[in-house]
There are 2 protein chains.
Amino acid sequence: MIRVAVIEDLSSYRSALQVLLNGTAGFECMAVFENAEIAYNELPVLQPDIALVDINLPGMNGIELVRFIRTASPTTLCMMCTAYDEDEKVFKALEAGAHGYILKSTSPAKLLEAIVDLKNGGSPMSHEIARKVVMTFNKKPNPDLAQLTSRETELLKLLVEGLLYKEIAVRLGISIETVKRHCFNIYQKLHVSNRSEAINKYHGNHHH
Amino acid sequence: MIRVAVIEDLSSYRSALQVLLNGTAGFECMAVFENAEIAYNELPVLQPDIALVDINLPGMNGIELVRFIRTASPTTLCMMCTAYDEDEKVFKALEAGAHGYILKSTSPAKLLEAIVDLKNGGSPMSHEIARKVVMTFNKKPNPDLAQLTSRETELLKLLVEGLLYKEIAVRLGISIETVKRHCFNIYQKLHVSNRSEAINKYHGNHHH
DNA sequence: CCAGTTATACAACAAAAGGGGGATTGACTG
DNA sequence: CAGTCAATCCCCCTTTTGTTGTATAACTGG
C-alpha cells in the first residue's frame, strides 16, 4: 500500500486525484491540501510515502514546499506536478530535491505507473522534461581546452581545485617556477589572465 | 519507419537486436557494427535516426563514438546500452551527447518503447539511471553561504565571475580597500583562505 | 540609549600570483 | 641530422591578493 499526499490548489484536479488513488488497489490517498502552508504543518506528522506537489500554488510555492519536505520528512518522495513545463522551474524543483516531475496532461494510468516507479527507486519524468534534463549535461567542451598538453591539463585540474602554486609544486614533484611557467602557458592558450577566469573556462562558463 | 544502427561487440546480443528490430513493424535495423572504428567510418554516410551504442567496446569506447556521432551525424539520436550502470560512465556519456541510457536487462518490449520515446523527443532512461541523474541536481546549498549578508553575497558573485578587486570596486562604487575587507569577511564566513576556494564553495564543491 | 551589526575607508605589510627573458634536456619527426 | 616541442628550471620584477589594526557613520533590537 503506497500512502500518497496531494498538494494541489485546483479543487477539481485535487478531487480527481483523490478518487483515482483511493479507487485503485495498492494506493491510499491519505491527505489532500489546497495550499502549501497547511501541508507544511501536517506533512511532517503524516510522513507519506509520496507527495504529489503542484508547482504553482498560492502563497508558498511547490518548490519551497519540496525543499521543506525533504528535510522535515526525509523518507517522503516528492513528485512535482505541473500544467506547463516551464524550463527554469524544472531545474529549480530538482535542485530543491524533487524526485520526479510529470505534467498534468499525463493520463491516470501513466500517473499511477509513475508513482509506482518513484516508489521503486526510479525518477519518472515526462518526455520533454527528461530530454531537457539530459540536455543540460551535454556540454560542448571549450575547444581551447583541447589545445592543452596532458601535463597542462593535469596542472589545470589542480588550479581549479584551488591549490597554491607551492602545493601544486609539491604534488607534482616539480619546482614552483615550473608551475608558474605552466600556468603562464595555460593562460595563454585559454586566453585568460588569471586563475578565476581559467576556472570559469574549465567549467564551461555556466554552472549547473 | 525508424532507421536504427547497432554498435555492439557481443555477437549474440548484436544479432538479437537485429532480429528484434527487423521483425517489428516500424523499425529497420539498417546496420550492425562490432566495434566503434568501423561504425566511425560508416555512420556519417548512413545517417541513421537512432544509434544504439554499447559503452564497453574493444578499442575506442562507446562514449568517444557518441561524441563523434553527435558532430558527424547531428540528426542521429544516441542511446547508450550497457550491462551495468557504472556511475561515472553514465554522466560521461550524457556529457558526450547521449540522449538516452538504458540497461541491457531491459525487456525487448521496453527497448522498442524506448526507441520510439527517443524519436518522439523523450530521453528514456532505466529506473536507476534516471534517479541518479535527477539526484545530481539535488544540491544542498552550503549553510555557510546563508551566513553572508546581501552585500557580501553580491560581492561574492563578482568574485566568482573573476573580476579584479579594482574592477569590483568600480562596479560597486566603493573603495578597493572596502572590497578587500568584504573579501576577508567572506573568506572567514566560508572558512576558506582564497578566491579559488570561495568559488568552489559557491559552486557546491563538486562539479558535474 | 546602549550594544551589536553592517558598510565604509585608510594604512601597512606579507604572501601569492602573473608576466617576461633565457636556458637545458629528452623525445619525437621530417 | 636538424628542427620542433614539451617539460623543466632560474632570475627579476610588477601587480594582485590576503591579513590586520583602527575608525566612523548608519541602522537595529532590546
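Refer to the structure above for everything that follows.
Participant: Pulling in residues and values, what's your account of the relation of the copies chain B and chain A?
Facilitator: Between the two copies of the chain lies a relationship made up of a rotation around an axis and a movement along it. Here chain B sits on chain A after a turn of 180 degrees about the axis and a move of 0.7 Å along it, with an RMSD of 1.0 Å. Taken together, the rotation angle and the small translation identify this as a two-fold axis. The rotation axis passes nearest to the C-alpha of Ser196 of chain B in chain B, at a distance of 3.3 Å. Mapped onto chain A, 100% of the interface residues of chain B again fall at the interface, so both copies present the same surface.

Participant: Lay out the protein's contact with DNA strand D with the relevant residues and their values.
Facilitator: Neighbouring DNA strand D are 19 residues; Thr149, Arg151 and Ser175 of chain A together with Tyr165 and Arg181 of chain B lie closest to it. Within 4 Å of the protein, atoms of DNA strand D come from sugar and phosphate in 64% of cases. A distance of 2.5 Å separates a phosphate oxygen of DNA strand D from a polar backbone atom of Ser175 of chain A. The contact in question runs from a phosphate oxygen of DNA strand D to an N or O atom on the backbone of Arg195 of chain B, over 2.7 Å. Put simply, the parts of the chain that give the surface near DNA strand D at least two residues each are helix 10 (176–190) of chain A together with helix 9 (165–172) and helix 10 (176–190) of chain B. Of the residues in the surface near DNA strand D, the class split is five nonpolar, six polar and eight charged.

Participant: Explain helix 4 (residues 87–96) of chain A residue by residue, including any values.
Facilitator: Among the residues making up helix 4 of chain A, those that are buried are Val90, Phe91, Ala93, Leu94 and Ala96 of chain A. Buried positions along helix 4 of chain A lie against helix 3 (62–72), strand 4 (77–82), strand 5 (100–103) and helix 6 (127–135) of chain A together with helix 6 (127–135) of chain B. Of the residues trailing helix 4 of chain A, Gly97 of chain A is marked for its positive phi of about 115 degrees.

Participant: I'd like a description of the interface of chain B and chain A, backed by residues and values.
Facilitator: Contacts between the two partners involve 39 residues from chain B, matched on the other side by 39 residues from chain A. Across the chain B/chain A interface, buried area totals approximately 3,300 Å², and carbon plus sulfur atoms make up 54% of it. Three residues, Arg131, Val134 and Phe137 of chain B, lead the burial of chain B against chain A; their summed loss comes to 21% of the area buried on that side. The tally of links between chain B and chain A comes to one salt bridge. For Glu95 of chain B, the salt bridge is made with Lys139 of chain A, and the minimal N-O distance between the two is 4.0 Å.

Participant: Describe in detail the protein's contact with DNA strand C, supporting the description with residues and values.
Facilitator: Residues in close proximity to DNA strand C total 19 residues, the closest being Tyr165, Arg181 and Arg195 of chain A together with Arg151 and Ser175 of chain B. Restricting attention to atoms of DNA strand C within 4 Å of the protein, one finds that 65% of them are sugar or phosphate atoms. In this structure, Thr149 of chain B approaches DNA strand C through a side-chain N or O atom, which is 2.8 Å from a phosphate oxygen. Between Ser175 of chain B and DNA strand C, the recorded distance is 2.5 Å, taken from a backbone N or O atom to a phosphate oxygen. Mapped by element, the contributors of at least two residues to the surface near DNA strand C are helix 9 (165–172) and helix 10 of chain A together with helix 10 of chain B.

Participant: Account for the side chain of Asn194 of chain A, naming residues and giving values.
Facilitator: Residues and elements named next belong to chain A. The residue Asn194 is located in the loop between helix 10 and helix 11 (195–202) in this model. Exposure remark for Asn194: the relative accessible area of 17% places this residue in the buried category. A distance of 3.2 Å separates a polar atom in the side chain of Asn194 from the backbone nitrogen of Ser196. In this structure the side chain of Asn194 is engaged in a polar contact, spanning 3.1 Å, whose partner is the backbone nitrogen of Glu197.

Participant: Could you give an account of the pairing of strand 4 (residues 77–82) of chain B, with specific residues and numbers?
Facilitator: Residues and elements named next belong to chain B. The buried fraction of strand 4 is high, at six of six residues. A two-sided burial pattern is seen for strand 4, the buried positions comprising Leu77, Met79 and Cys81 on one face and Cys78, Met80 and Thr82 on the other. Two strands pair when backbone bridges link them, and strand 3 (residues 50–54) and strand 4 are joined in this way by five bridges, in the parallel orientation. Bridge pairing in strand 4 places Asp54 opposite Cys81. In this region the chain leaves strand 3, passes through helix 3 (residues 62–72) and returns to the parallel neighbour strand 4; the handedness of that crossover is right-handed. In terms of strand pairing, strand 4 meets strand 5 (residues 100–103) through four bridges, oriented parallel. Its bridge partner lying in strand 5, Cys81 is registered against Ile102.

Criteria and cut-off values
Residues numbered from 1 in each chain as written. Chains lettered and ligands numbered in written order. Predicted model: local features only at pLDDT ≥ 70, side-chain atom pairs only at ≥ 80, totals over all residues. Heavy atoms only, no water. Least-squares fit on C-alpha atoms with pLDDT ≥ 70 in both. Contact = heavy atoms within 4.5 Å. Near = heavy atom within 4 Å. Polar contact = N/O pair within 3.5 Å; in protein donor to acceptor, adjacent residues only side chain to side chain. Helix = DSSP H or I, 4+ residues; strand = E, 2+ residues; numbered from the N terminus. Nonpolar A, V, L, I, M, F, W, Y, C, P; charged D, E, K, R; others polar. Buried < 20%, exposed > 50% of the residue type's maximum accessible area, 1.4 Å probe, protein only. Buried area = accessible area lost by both parts, 1.4 Å probe. Salt bridge = Lys/Arg side-chain N within 4 Å of Asp/Glu carboxyl O. Pairing = 2+ DSSP bridges. Right-handed = clockwise from strand over helix to strand, strands pointing away.

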